[in-house]
Each structure stands twice: as structure tokens, then as C-alpha cells.
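# A structural walkthrough
Each chain, letter by letter, is given below.
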Amino acid sequence: MALIEVDHLQKTYGTDDAQTPALRGVSFQIAAGEFVAIMGPSGSGKSTLLHILGFLDRPTGGSYRFDGRHADSFSDDELAQLRNQTMGFVFQAFNLLPRTTVLENVCLPLRYSQLPEREWRSRAERALTRVGLGHRLHHTPAQLSGGEQQRAAIARALVLDPKVLFADEPTGNLDSVSGRAVMLLLRELHAEQGHTIILITHETATAEHAERVLAFRDGRLERDERLAQSRRADQFTK
Amino acid sequence: MRLRHQFIAAIHALRANTVRSLLTILGIVIGITAIMLVMAVGRGAQDLILDQVRGFGAETIIIEPGREPKGPSDFVEVFTDSLKERDLAALADAARVPGVTDVVPLVAQVTTAAFGNETYRVQLRGAGPAILEVLRLTLASGVPLTEDDVRRRAAVAIIGDDVREQLFGQQDPIGQRIRMKNVSFRVVGVLERKGESGIVPVDHMVLVPYSTAQEYLLGITHVHAILVRAVSEQVVPRVKRDVEITLRELHRISDPEKDDFHVMTQVDIVQRIGIISTILTVLLTSIAAISLVVGGIGIMNIMLVAVAERTREIGLRKALGARRRDILGQFLFESVTLTAVGGIMGVAIGASLAFLAAVIFRATVSPNWAFTFPISAVVLGVGVSGVLGVVFGLAPARKAAAMSPMEALRNE
Ligand SMILES: Nc1ncnc2c1ncn2[C@@H]1O[C@H](COP(=O)(O)OP(=O)(O)OP(=O)(O)O)[C@@H](O)[C@H]1O
Ligand SMILES: [Mg+2]
């Protein structure tokens, strides 16, 4: 059974007189453990799709099943709990809380979880060590480089061991070197822990880290392509 | 999210805008300060009234010149000279006013008494011999004033214990001469020490025959007040009526509205002070209510600004698993923390001002003004400010909680 199943998914923004269709009926499935890149020109509906898949927004048509259950069947509080426990988010703009240490930032999802407080710190430290920031626990975001900030954001996304990691252009604000480091980290996580990763990107080079590419245009799925192992970016194997 | 973390997060958020936070709670601080003052000063006034009731016999009535002061302009009339010698005789006449044991005229002035090189500011009281019974004073040594002293305008004085100590130290004052306004008085008695009790400043007093004070010290022929003691508390209302009828007859007044004197019983005094303290309470309470409402609106405004400023943060928290009630709680907690800090500051400032007021009132109104700061005031102050935080923080917090996570995250 697929982890994510969408069928004729539609999303139209706006009121009756000024409607913007962002998704015009999209169908695909993603199995647990896949590493998928979503590509397409600006305005093609990539972010819209990711928000719906990540329970940050609801579709206006079609159906979305997550882990076998219809998205419609969840209340807002249940969606919040699902986001907390089964999903991790990485944003283009990092979205770390300023004036708050990296450790505190990574603890944020834990505060909304059922986990006892005494486990928070060790979990957050483990996640930060995993992304190579074990020595930066008490720095504030402003004291970190862009690449380090995005790695801290990835640690925050991972801290509750989510089933799926959503990333909206995670390398969009980074130079090519730190962007590549972030992508290698995601690939490692995928390879070692089998995380399901769904990532939006503009760049073919970034998309080549994934196993599968979904290409969008005008709110429609244009191409669904599995990348042969040989075509994938080779930096990882080097 | 756990309470402790809510609190730390709230402090954190408020500290990020310390100046703005402080300015915002100013209205709350002023309002709570006013409430604290009402409670502390009101309580002080109440205690003072009780004190007066204790210090003054309930069977004594006071006659003062001028109409009963009902407004600021009436106080001028206190200085009229309508009460004279003939009134005393009439009031002492059992045919006109039955049931009276003593009639004591009173003149008063603050002046300086000197003995040798020592000088001291004293409360000079010119009175009749019965003053000791009426004010329930006893002599530590010496003899009381006599009718004869009054008739002869004798230059004799009875002094309070502080006066004795300041002027004479260890010496025996009886038979010594003190000077007031270049008139030499022979000390014939010393009053028992009263300490801090009653409205009458016993320990600072110098008692002389009223006729002597009128003639040699004040140069007047009228008196400042007449104390009339009834045989019992029960007859006081009737004595009061008879006094009024007698004085109106003597002063040829037909319309009570045109009285040139007023009679106060202990009940009247308590009522009068009660009215003053009620006016004060209403005034300060209105100020408090207005500034609390204005302050509350300020809190609401600043919380709306905070919600708008932190839209992305709200979106992020929701994306990471915060439920509606988590966000609602976070912002409510923030506004309550804000107002509670204002409340605590108001309580502290109110307590300091009440203490200052007590010091000032002690010097001006009565040495017995007590500084009281009931614990109920602290509870009320902090409680009210906390409730304001909930009331005025609710709308902004609900607005934050209702945001769609996706919309909030998109916000630039
Ligand atoms: N909240 C919204 N209200 C109205 N229209 C919206 C809203 N969000 C997105 N849209 C519209 O929906 C369409 C798809 O937007 P979306 O953000 O999904 O594109 P995208 O593929 O992520 O683009 P980009 O690569 O620039 O991020 C666009 O035309 C956009 O203007
Ligand atoms: Mg986008």
C-alpha cells in the first residue's frame, strides 16, 4: 500500500469571481521510503501540492489518502498531531526562531508532542549531531551560516522521526557548495534510515539526487520519471 | 505545551520589545496604582474615624461658627465670629437646654512656647475648666484650671507631656514660667501622657483659660468652638435640637438655612468624614476604571500588532504540530503576563504612594494616621490585571489561533 495516494487532486484559490486554479486534477502514488523530487516552472502548483500533502492546506477537489486514510476524515487537531508526529518540514527560508538557540529551535516540535520533557534534550542533541551541528547547540540562528541554518532546520524536521520529510526548495537560499552539502545530507538520511523524502526544486542538478521526478506544468502532472541509478548525481558515491 | 514553557516563551517574547511592553502596560500600572491607593488610603481614613470615635465621648457635641460646610465656598464661613460669651451663658441655662453637664468654650492657635533658651511649637488651647472631663484628660501633676482663673484672666497654663519634656527636660515644671507671645504664664499642671491616640494632640497641647487667650494672645472676643457635654448619649439628639433653637433665638435667625453656626454630634463627624472619603473613593475608582479600560485596549492593540508581526512564527508552530489551543494559550499567556507585570508594578507603586500619603497625612491631618496595606488589595490588584489580560488578549489570541498554517507561512 502506498504511503501517499492522490487521485484527481484539485486546488482552486480565491472566491467565486476571481478564481485561480493551482492544481487541475493530479493523480500519483508515493510509496514509503521513496525519494521524490517535484519540478516545474514557477506557478505550476508545486508548493500548493506540497502544502496539501503536508496537511497544511486542504484540497478543493479529488482525494488524498495518507497511510490509507482519507485526509477529509481528520479534524484540525488530528492534522496538527499528524504533522507533529509523522511529518517533517524544511523550508526555503529556514524559518528558525530568531533570538532562540539552535537547541531550542530543534526542541520546538517536541513541545507539541507527548514525549516526556526529560527526553527532549537528548533527542534534540542527537538530531543536531546527526546533521553535523553537535558543536553549535547554543548558537542563535544569526550566528550560523545559511547552510548550517538549513541543517538545523533539517534536524528540527527529523527530531520526532517522521515518516515523511517535505522540503520546499531547501537549497534555494544557499550557495552551490552548501546547497550540495544539504542535498548530500538528505540523501544520506534516505539511504541510511530509509526516510521518505519529497522535495521541490528548480534545479535539475538538485533533482538528480532523487530516485524519481514528478514534473508539473500549469497545475498538471506532466511527467513521472524514475531516474536510473546511473543518472543520479554521483557525488554521493564518489 | 506545558505551563512553565508558556511562561518562559511569554517572557522571552516580551523581552524582545522591552520598551514597547513597558509603555503598553502603563495604563494598567496607573489603574492598579489608583485601586491600591483607594484601598490603602480609604482604610487609613476608616481607621482614623474609628480612632476619633474612641478619642471623643459620644455624649459630647461640638458647635462651630458658620453654616455647615457643604461646598468649598462654605469653609470661608468657619472664620466668622458668631459664637460669643452670651451664647455660653444661654447654653448653660438648664431652662433652655436641659440635660447638659458642661459647656466648654474653645479657642485654638498654633504658637511657640519658650522657657529659658528652649522653644517648642505647641497647640495652644484656650478653654474652660471642664475641658479635662470633656476630653477625658487626667493630670500627671499639679492642679486643673478654675472658674476663678477664667474670671481673672489668669496667666496660668497646663502643659502636655511633650511640651514638658522639650522645655523642661528633667526639671519640675510646676511653678515655672513659660512665655507665649511675650506673655508669661505660670505652669500649674502637667497632662498625663496620651501617646498616639485620639484627634486631640494632647501631648503637644498648652491649656490656658479661654478668657486669657482671647484677651492677651488672640485679641478676639468670640470663640472658635463650644463643646457641650450631655448627661448621656441618649439625650444627645434632643440636646442638639435645643442648642439649635436657643442659638437661633439668640442670633435672631428664623430660617435654619441662614444659620451662622452648626452643631456636630459624633455621628455627624463620622458621616462628614465618610462623605469625604466616599467622594475620594469614587473619584479614584473612576480614574482606575478609565485607565484600566484604556490600558486594556492598549494591550489588545499591541497583541494584535504582535500577532501580525509573528504570522510566520504562528504558521511555523502550526506546521510543527501546534494545535489551535496551543497558539491560543501562547498569546493569551503573553497578554496575561504583560498585564500581570503591570499589576505587580501597580501594587508596588500603590503601596509606596500609600506609605508616602500616610507620612504626609500624619504630618497634616492627624498624627494617628496609620499606614495599612491589606493583603486583599494585593490579591485584588494582581487578580484584576490578570483578568484584564484574558479579556483584552482573547480577540488577538483567537485571531492567531484561527490562522491557516499555509497562509501564515506564505506571509512575508
Ligand atoms: N494563497 C493563494 N491565493 C491565491 N492564489 C494563490 C495562493 N497561493 C498560490 N496561488 C496561486 O497558485 C498558483 C500556484 O502557486 P504555487 O505557489 O503552488 O506555485 P509554485 O509552483 O510553488 O511556484 P514557485 O516555483 O514560484 O514557488 C500560482 O498561480 C499562485 O499565484
Ligand atoms: Mg513554491
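Residues numbered from 1 in each chain as written. Chains lettered and ligands numbered in written order. Predicted model: local features only at pLDDT ≥ 70, side-chain atom pairs only at ≥ 80, totals over all residues. Heavy atoms only, no water.

### Remarks on the domain arrangement of chain B
Where the parts come together, the accessible area they lose is often given as the size of the interface. Entries for chain B in the domain assignment read domain 1 (3-52 + 271-410) and domain 2 (60-264). Just the C-alpha atoms count here: the centres of domain 1 of chain B and domain 2 of chain B sit 50 Å apart. (Domains from an automatic or database assignment.)

### Topic: the packing of helix α4 (residues 85-92) of chain B against helix α9 (residues 236-251) of chain B
When two helices pack together, their arrangement is given by the angle between the helix axes and by the axis-to-axis distance. Residue and element names in this part refer to chain B. The geometry of α4 relative to α9 is characterised by a closest axis approach of 10 Å and an angle of 140 degrees between their N-to-C directions. Our classification of the angle between α4 and α9 gives oblique. Here α4 runs over α9; the crossing is right-handed. Where α4 approaches α9, its residues R86, D87, A90 and L91 are matched on the opposing element by V243, T246, L247, L250 and H251. In the contact of α4 with α9, the residues fall into 5 nonpolar, 2 polar and 2 charged. (Axes fitted to C-alpha atoms, helices over the stretch in contact; angles between N-to-C directions. Helix = DSSP H or I, 4+ residues; strand = E, 2+ residues; numbered from the N terminus. Parallel < 35°, antiparallel > 145°, perpendicular 65-115°, else oblique. Left-handed = near helix turned anticlockwise from the far one by under 90°. Contact = heavy atoms within 4.5 Å. Nonpolar A, V, L, I, M, F, W, Y, C, P; charged D, E, K, R; others polar.)

### Overview of the confidence of the model for chain B
Residues of chain B with pLDDT of at least 70 account for 92%, and the chain-wide mean is 87. For this predicted complex, the interface confidence reaches an ipTM of 0.93, while the overall pTM sits at 0.72. (pLDDT = per-residue confidence, 0-100.)

### Re the site of ligand 1
In the region of ligand 1, 14 residues are neighbours, and S42, G43, K46, S47 and T48 of chain A sit closest. Lying at an intersection of chains, ligand 1 is approached by residues of chains A and B. Here G45 of chain A contributes a backbone N or O atom positioned 3.1 Å from an oxygen atom of ligand 1. T48 of chain A places a side-chain nitrogen or oxygen 2.5 Å from an oxygen atom of ligand 1. (Near = heavy atom within 4 Å. Polar contact = N/O pair within 3.5 Å; in protein donor to acceptor, adjacent residues only side chain to side chain.)

### Re the interface of chain A and chain B
Listed as interface residues are 28 residues of chain A and, on the opposing side, 25 residues of chain B. Both sides together, the interface formed by chain A and chain B hides about 2300 Å², and carbon and sulfur atoms give 56% of it. On the chain A side of the interface with chain B, the three residues burying the most area are L56, R111 and Y112 of chain A, jointly 27% of the side's total. Where chain A packs against chain B, one counts 2 salt bridges. Between D77 of chain A and R325 of chain B there is a salt bridge, with the nearest N and O atoms lying 2.9 Å from each other. In this structure, the connection of chain A to chain B is made through 9 residue pairs in polar contact (both at pLDDT 80 or more). (Buried area = accessible area lost by both parts, 1.4 Å probe. Salt bridge = Lys/Arg side-chain N within 4 Å of Asp/Glu carboxyl O.)

### Brief notes about the nonpolar core
Residue and element names in this part refer to chain A. Within the largest apolar cluster, 68 residues are counted, with the highest numbers of intra-cluster contacts made by I4, F28, L53, F55, Y64, F166 and I198. In contact with I4, not counting residues within four places along its chain, are F28, Q29, I30, L53, Y64, R65, F66, F166 and I198. Of all hydrophobic cores here, the second largest spans 42 residues; its members include A124, L133, I154 and V182. (Core = buried A, V, L, I, M, F, W, Y, C linked by side-chain atoms within 4.5 Å. Buried < 20%, exposed > 50% of the residue type's maximum accessible area, 1.4 Å probe, protein only.)

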